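Close look at the chain arrangement
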Amino acid sequence: MTTAEAAGTFADLELRPELLSALTALGYEEPTPIQREAVPPLLEGRDLLGQAATGTGKTAAFALPLLQGLQRRGRGSAPVSLVLAPTRELAMQVSEATHRYGKDLFGAGDGARVLPVYGGQPIGRQLRELERGVDVVVGTPGRVVDHINRGTLRLDALRTVVLDEADEMLDMGFAEDIDAILDAAPADRQTVLFSATMPSRVERVARRHLRDPVRIEIRREQPAAGQAPKVRQSAYVVARPHKPTALGRVLDVEAPEAALVFCRTREEVDQLTETLNGRGYRAEALHGGMSQEQRDKVMGRLRNQTADLLVATDVAARGLDVEHLTHVVNYNVPSAPEAYVHRIGRVGRAGREGVAITLAEPREHRMLKTIERVTGSRITMEKVPTVADLRARRLELTRAALRESLLEDSLDGFRAVVEALTDEFDVMDVAAAGVKLAHEASSGAGPDDDSDIPEVAARPERPDRPGADRAAHERPGHDRARTGPPSRSDGGPGRKGRVLDGPTTRLYVGLGRAAGVRPQDLVGAITGESSLSGRQIGGIEITERFSLVEVPEPAAQEVIDALRGTLIKGRKASVRRDAKS
Ligand code: AMP
């Protein structure tokens, strides 16, 4: 068993019940290694020097202990915790995470007061909040010094100061500000320093401001010699709003036989499963919140190949062994190298080559480097398939399908059509028109397939200095940017082979290609308006004027009523049982 797998729950960390229920509500199933190691000494009040990059779960590692000791305090109270972060983006992220963990700390809706302070935001709002009283301030060093100089941020009540991404702060020239802030903070405070790297300038800050710190580093376990699986490893750097689309495209090109997709939380598992189903994959969710019976069912579907993708948390996937698994996908960079090694060890068994795909947000790039270093393996950075790549791939699939048809099928019944047309047209043009129709019948083009996913630099943030241009692409709220599932073929490989258990009924929906209807529109309308989930919908056929959808017989009337009561592509559709079914 690797460290990443070692037993240990959030409850074992003896966190207060309000925090435990917040973590459960967020779908966190178990602590990450850094949380397991950092929380106990922090709860004891020790200073801590931790080497950990973004993606390891370091925010919760320091935020939970800050919140654990918090008492309800009155109006106008000065903060008890101060977190310093290099950029406004990080300050906002940390502040939001801390707020979420502590949102019901004193009862439902009565939580910790957390305030982000950074340059670029009008200072007036920050002043009002500070006057009203806050528990935790998360700020960039420059703005925090401003507030201290104005007398608007009092440090006398501080019990803990956290330096997050200390190496970044020093690189950005915040060394003096950090010294000034720490010198002004009460001498008996607790000091916590997290940094992705430990160059000597970070060590200097630690020597000057930390007292007998506990040192924590992500353990560097090497997989035992000879055990390293034969796995092609690639990674894609994608901004968060584009991840679902990017994953869909990568999977379209990779065409896995069976893939295991790892997510961080239960919510993420559920959301991604829905998205992938909408794209035409047969995806199943597996997480710790499911009963053993449900899990066995899901596993059965993957084994007998009625599902192609299993979307799971680490906890749920533990001990899972699927023979024909070809791909492992890390929807996020794993929280520790050991977890990465453990995950990708599930493919590339018995001498077969497996594929490991990792999606990394720009800030998580460094963690990828750590994984490469620790595992001694290379992860190739790839570009998300472009619209042109996808088109080329689809044409290739059409070509392969035609070739198969030429080799296998009896084409006699169609020759007469070709002959009739060659009186009027060149035989090459007749063939091309046939290819075009075959291609269009199997490849829809949705809105997402018309636009490329923007390439992003590995770490595009900029310093939070007055006048500095501020990167906005990671801002919360941008998550709500377009993430809809792109189109997949009408009867694409995912849907065509769908087999539903039990009796089914075919429904006629009076809208088709001419109205712009794609399979995901129907799946979206059905799952949105009825109790069916994506995987309970069978084959979908879309013709120019109408569509046919296969649903379980017991749910047919419910789906008919639901679809009659809603708009599909902005239009009302006539819906009924298909006469021929
Ligand atoms: P961080 O390294 O703090 O930036 O965290 C990276 C991501 O992991 C964030 O999206 C967190 O919400 C998530 N996260 C942190 N701890 C856990 C956990 N124990 N289980 C699942 N997700 C987590």
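Rules and cut-offs
- Residues numbered from 1 in each chain as written.
- Predicted model: local features only at pLDDT ≥ 70, side-chain atom pairs only at ≥ 80, totals over all residues.
- Heavy atoms only, no water.
- Helix = DSSP H or I, 4+ residues; strand = E, 2+ residues; numbered from the N terminus.
- Buried < 20%, exposed > 50% of the residue type's maximum accessible area, 1.4 Å probe, protein only.
- Contact = heavy atoms within 4.5 Å.
- Core = buried A, V, L, I, M, F, W, Y, C linked by side-chain atoms within 4.5 Å.
- Axes fitted to C-alpha atoms, helices over the stretch in contact; angles between N-to-C directions.
- Parallel < 35°, antiparallel > 145°, perpendicular 65-115°, else oblique.
- Left-handed = near helix turned anticlockwise from the far one by under 90°.
- Nonpolar A, V, L, I, M, F, W, Y, C, P; charged D, E, K, R; others polar.
- Near = heavy atom within 4 Å.
- Polar contact = N/O pair within 3.5 Å; in protein donor to acceptor, adjacent residues only side chain to side chain.
- Areas by Shrake-Rupley, 256 points an atom, 1.4 Å probe, with all protein chains shown as cover.
- Patch = residues over 30% accessible without salt bridge, like charges linked within 9 Å, V, L, I, M, F, W, Y side chains within 5 Å.
- Salt bridge = Lys/Arg side-chain N within 4 Å of Asp/Glu carboxyl O.

1. Focus on the side chain of Thr 191
Structurally, Thr 191 is set in strand β6 (residues 190-195). Note on Thr 191: relative accessible area 1%, which makes it buried. If we ignore the near neighbours within four places in the chain, the residues touching Thr 191 are Asp 47, Leu 48, Val 161, Leu 182, His 209 and Leu 210.

2. A word on the nonpolar core
Core analysis: the largest hydrophobic core is formed by 40 residues, its most contacted members being Leu 15, Phe 62, Leu 64, Val 83, Tyr 101 and Phe 194. Sorting the residues of this core by element identifies α1 (17-26), α2 (33-43), α3 (58-68), α4 (88-101), β4 (136-139), β6 and β7 (214-217) as the ones contributing at least two each. In terms of residue count, the dominant contributor to this core is α3 (seven residues). With residues up to four places along the chain from it excluded, the contact list for Phe 62 reads Leu 42, Val 83, Val 94, Val 162, Asp 164, Val 192 and Phe 194. Formed by 31 residues, the second largest nonpolar core is a distinct cluster that contains Leu 286, Val 322, Tyr 340 and Ile 371.

3. Re the packing of helix α5 (residues 123-132) against helix α6 (residues 141-150)
Running from N to C, α5 and α6 point in directions that differ by 60°, and their axes come no closer than 12 Å. Overall, the two elements α5 and α6 adopt an arrangement that is oblique. In terms of crossing hand, the pair formed by α5 and α6 is right-handed. Contacts between α5 and α6 pair Ile 123, Gln 126, Leu 127 and Leu 130 from the former with Arg 143, His 147 and Arg 150 from the latter. Class assignment of the residues belonging to the contact of α5 with α6 gives a composition of three nonpolar, two polar and two charged.

4. Some remarks on the site of the ligand
In the vicinity of the ligand lie 14 residues, with Tyr 28, Gln 35, Gly 55, Gly 57 and Thr 59 positioned nearest. In this structure, Thr 56 approaches the ligand through a main-chain N or O atom, which is 3.0 Å from an oxygen atom. Here an oxygen atom of the ligand sits 3.3 Å away from a polar atom, N or O, in the main chain of Lys 58. Within the complex, the protein chains bury 81% of what would otherwise be the 500 Å² of accessible surface of the ligand. Each residue belonging to the shell around the ligand can be placed in one class, and the counts come to three nonpolar, eight polar and three charged.

5. Observations regarding a nonpolar patch on the surface
There is a patch of nonpolar side chains on the surface, built from Val 417, Leu 421 and Phe 425 and spanning about 250 Å² of accessible area. Secondary-structure assignment places Phe 425 in the loop between α17 (412-422) and α18 (427-442). Overall, Phe 425 belongs to the partly exposed group, its relative accessible area being 42%.

6. Regarding the environment of Ser 234
Among the secondary structure elements, Ser 234 is positioned in strand β8 (residues 231-237). A sequence separation of 144 residues divides Ser 234 from Arg 378, and the C-alpha atoms of the two residues are 8.4 Å apart. Not counting the four nearest positions on each side in its chain, Ser 234 is found in contact with Ala 356, Ile 357, Thr 358, Ile 379, Thr 380 and Glu 382.

7. Notes on the pattern of salt bridges
Within this structure, the stated rule accounts for 41 salt bridges. One salt bridge in this structure joins Arg 215 and Glu 203, with 3.0 Å as the shortest N-O distance. With Arg 215 in strand β7 and Glu 203 in helix α9 (residues 200-209), this pair connects stretches of sequence that are twelve residues apart. Between Glu 284 and Arg 301 there is a salt bridge; the shortest N-O distance is 2.9 Å. Here Glu 284, found in strand β10 (residues 283-286), pairs with Arg 301, found in helix α12 (residues 292-303); they are 17 residues apart in sequence, far enough to count as distant.

These figures come from the coordinates and say nothing about function on their own.
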